[in-house]
Amino acid sequence: MTPMVKAEGVHKSYGAAHILKGIDLEVNNGEVFCLIGPSGSGKSTFLRCINHLEKINSGRLYVDGQLVGYRQKGDKLYELKDSEVAAQRRDIGMVFQRFNLFPHMTALGNVMEAPIQVKGESRAVARERAERLLDRVGLADKAGNYPSQLSGGQQQRVAIARALAMEPKLMLFDEPTSALDPELVGDVLDVMRDLAESGMTMVVVTHEMGFAREVGDSLVFMDGGVVVESGHPRDVLGNPQHDRTKAFLSKVL
Amino acid sequence: MTDKLDKVPAGASPAPAGVPPEAIKAIPVRHYGRWVAGVVVVALLALLGYAFSQGNVRWATVPEKLFDSTILSGLWHTILISVASMALGLVLGVLFAVMRLSKNPVTSSVAWLYIWVFRGTPVYVQLLIWFSLALIFPVFNIGFYKDEMTDVMTPFLAALLGLGLNEGAYMAEIVRAGIQSVDEGQTEASHALGMSQAKTMRRVVLPQSMRVIIPPTGNEFINMLKTSSLVVAVQYPDLLRAAQDIASTSFAVMEMFFVASIWYLILTSVFSVGQFYLERHYARGSLRSLPPTPWQKIKSNLLSLRSDQSGGAA
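Residues numbered from 1 in each chain as written. Chains lettered and ligands numbered in written order. Predicted model: local features only at pLDDT ≥ 70, side-chain atom pairs only at ≥ 80, totals over all residues. Heavy atoms only, no water.

Novice: How should the overall build of chain B be read in this particular structure?
Specialist: Of regular secondary structure, chain B possesses 13 helices and two strands. Every one of the 314 residues in chain B was classed for burial, and the buried ones make up 33%. Here the analysis covers contacts within chain B between residues at least 6 apart in sequence; of these, 72% occur between residues at least 24 apart. As presented, chain B carries roughly 19,600 Å² of accessible surface, and 67% of it is formed by carbon and sulfur atoms. (Helix = DSSP H or I, 4+ residues; strand = E, 2+ residues; numbered from the N terminus. Buried < 20%, exposed > 50% of the residue type's maximum accessible area, 1.4 Å probe, protein only. Contact = heavy atoms within 4.5 Å. Areas by Shrake-Rupley, 256 points an atom, 1.4 Å probe, with all protein chains shown as cover.)

Structure follows, in structure tokens:
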């Protein structure tokens, strides 16, 4: 079975700053894959490479067996057109640290937008699904609210519903609870836990070690643009082998 | 509760339940400077009024000519050319703003050149250039259509091109600032959902940039209503031209300028009100609660007045 995400020697740099220095990893179907590490370790950058928000400088990145952002013919790579990149992204949901909801649309409008605009779905069908998804994240009664009228936790749950509306096969979470007040984190994690149980493949950049230990199937500790240690969350978090992992965990646990 | 209160030591002097704390009654500071300034300003105004009353103005002519058919026709033409030029300016503004921000160096350079030329020369000169185009191109020929340039370049077209292209250059900069004010995360979120560049612009970025674009655009339109008086230069029969026409036959020159000014004031006032409602519409989602409309303000003031009265009666 092809892995959902496969990275082979992925490098990324911004000018002189070398952010990713050869990442190799595989995310299996239905797996909850957690990425942890200190800030600046490149974990968010790697996540953004998976849906081509960032272009990688070398290596290969595959989602569901498909090369991300390029087409390979023989030994030559061809950049994909914008429309082809957009088509690849349709199947990859993303949740941002700062929610990035569309502030000029209601919660319902946010969730309905992409299916209507991208898939050409009818309003009625999109609306029916959006209402179901908002109900699933516990916000059925907030459908008519604008993002500015919602708390951070509610906004993030709408953002999750918005990503799910495209019925993705892979969900990317970029520190989804880092911008939230502590008492709001639980609601968002509950939604993510529920999503994991439904069998969604998830790549989660997080600082929530409890969530990683409890829900994660695999965990990778990144530092300085490389994978330092990987394995089952219980093993890596409970019995770290590398000094850098130990030092990081002693600070956050 | 009561026995607990009873146990409070007398020295603590708790506020007795049910009795509101005594309001402060102090003698307010006297602002003598404000009184002096007020008197001086009123005196100056009175002097100004007196000067005008002594001037050789036939005041009766003003209301008499306010609804003259020539004036009303001029008024209509002023509104027409202002709206048409503003519409052209808006379309060009959005077009050139998007071109200016495009990754294609040719389109962005062309947009830069357009803004540089049309913002850098006086609109009066531009109007004259359009009107005099027949001097260098006597015949208008685009293959399937051919005519004398003097027939093609009517006063309306010259006015529209002169005002509209000039406005487009200003609008391009306003729209560009608006587009750039939208958070990058919005574009990213839209792209992550699989939305194309064009859809992202139309559905996500432009509606949000409206909040930044509308206020200066309203100012531009109010400016346009006034700047349109320059179209006298290209023989367009606008409000000022109408006033001048009547003035030249009736010799009520100043009176007719007053008539025109009154209409310009009315136009700009009416559109200021429209601008308020437009800004309110696009504030949706960015404010928790929208600012009240003047009508809502009046209503809430009346309501609070009523509740004050009932409170006083009780």
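Novice: Quick question: what am I supposed to make of the UniProt feature "domain: ABC transporter" (unreviewed entry) in chain A here?
Specialist: Per the UniProt annotation, the sites labelled "domain: ABC transporter" (unreviewed entry) are residues 5-249 of chain A. Annotated as residues 5-249 of chain A, this span is 38% helix and 28% strand, and its ends, taken at the C-alpha atoms, are 26 Å apart. (UniProt positions renumbered as here; feature names shortened; annotations may be inferred.)

Novice: Honestly, the packing of aromatic side chains in this entry has me stumped. Any pointers?
Specialist: In total, this model carries eleven aromatic pairs over all chains according to the counting rule given. Their ring planes at 50 degrees and their centres at 6.3 Å tell us that B:F52 and B:F258 sit as a pair that is tilted. Of the two residues, B:F52 sits in helix α2 (residues 32-54) while B:F258 sits in helix α12 (residues 253-282), which places them 206 residues apart along the sequence. Ring centres 5.7 Å apart and planes at 10 degrees place the aromatic pair B:W112 and B:W116 in the stacked group. Residue B:W112 and its partner B:W116 are both found in helix α5 (residues 105-120); the two are separated by four residues, about one turn of the helix. Among the aromatic residues, those joined into a cluster by ring pairs are B:F52, B:W59 and B:F258. Of note, A:K73 hangs over the ring of A:Y78, and the distance from its end group to the ring centre comes to 5.7 Å. Against the face of A:F102 rests A:R162, its NZ or CZ located 4.6 Å from the ring centre. (Phe/Tyr/Trp six-rings, centres within 6.5 Å; stacked < 30°, edge-to-face > 60°. Lys NZ or Arg CZ within 6 Å of the ring centre and 35° of its normal.)

Novice: Would you take a moment to explain the interface of chain B and chain A for this structure?
Specialist: Often, the extent of an interface is quoted as the loss of accessible area on bringing the components together. In this complex, chain B contributes 22 residues to the contact, which on the side of chain A involves 26 residues. In total, chain B and chain A occlude about 2,100 Å² of area from one another, counting both sides; carbon and sulfur atoms represent 55% of this. For the pair chain B and chain A, the interface holds two salt bridges. The partner of A:E113 in a salt bridge is B:R203, and the shortest N-O contact between them spans 2.6 Å. (Buried area = accessible area lost by both parts, 1.4 Å probe. Salt bridge = Lys/Arg side-chain N within 4 Å of Asp/Glu carboxyl O.)

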